[in-house]
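Letter by letter, the chains look like this.
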Amino acid sequence: MIFHYHPYLPILNDDTKILIIGTLPPPRFCTKELKIKDVDFPYGSKDNLFWQILDKIFKLNLIYNNSLEAIIKEKTF
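Read on for a plain summary of the structure. Since we're looking at a predicted model, the values are computed, not measured. The numbers attached to residues start from 1 for each chain and follow its sequence in the written order. Reporting in this predicted model follows two pLDDT cut-offs: at least 70 for local features of residues, and 80 or more for side-chain atom pairs to be given and counted; totals over whole chains, interfaces and linings ignore these cut-offs and use all residues. Working from all heavy atoms in the structure, the side-chain values ignore hydrogens and water.

Details of the environment of T31
Relative to the helices and strands, T31 is located in helix α1 (residues 28-31). On the basis of relative accessibility, which here comes to 34%, the residue T31 falls in the partly exposed class. At 3.3 Å, the side chain of T31 and the backbone oxygen of R28 are in polar contact. Helix and strand assignments follow DSSP, with helices taken as H or I runs no shorter than four residues and strands as E runs no shorter than two, numbered in order from the N terminus. To sort residues, take the accessible area from a 1.4 Å probe on protein chains only and compare it with the maximum for the residue type: under 20% means buried, over 50% means exposed, and anything in between is partly exposed. Throughout this description, a polar contact denotes any pair of N or O atoms lying within 3.5 Å of each other; where both atoms belong to protein, one of them has to be capable of donating a hydrogen while the other can accept it, and for residues adjacent in sequence the pair is counted only when both atoms sit in side chains.

Next comes the structure, spelled out in structure tokens:
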């Protein structure tokens, strides 16, 4: 049995104006058995369109893999 929980804390800064609230990530994010194109970050499932849509709208040139660089790009945005 998988203990499913939300593995990420909210990301809030002093100038935060918008809070995006979603659902739990897939159980593999709790066990850290991520797929190749998953990013270990909120909404980082390769099957989730959240970052893909923001990437196209804002031309972010995000990276879709489980690397520190991918996490930093998303967190910086």
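Text resumes after the structure shown.
So, the nonpolar core
We define the nonpolar core as a collection of buried residues of types Ala, Val, Leu, Ile, Met, Phe, Trp, Tyr and Cys that are connected through side-chain atoms lying within 4.5 Å of one another. One finds V39, F41, W51, L54, L60, L62, A70 and I71 forming the largest nonpolar core, which totals eight residues. Broken down by secondary-structure element, the contributors of at least two residues to this core are α2 (50-58) and α3 (68-76). The contact definition used throughout considers only heavy atoms, calling two residues in contact when any of these lie within 4.5 Å. Among all residues touching L62, those that are not within four sequence positions of it are W51, D55, K73 and E74.

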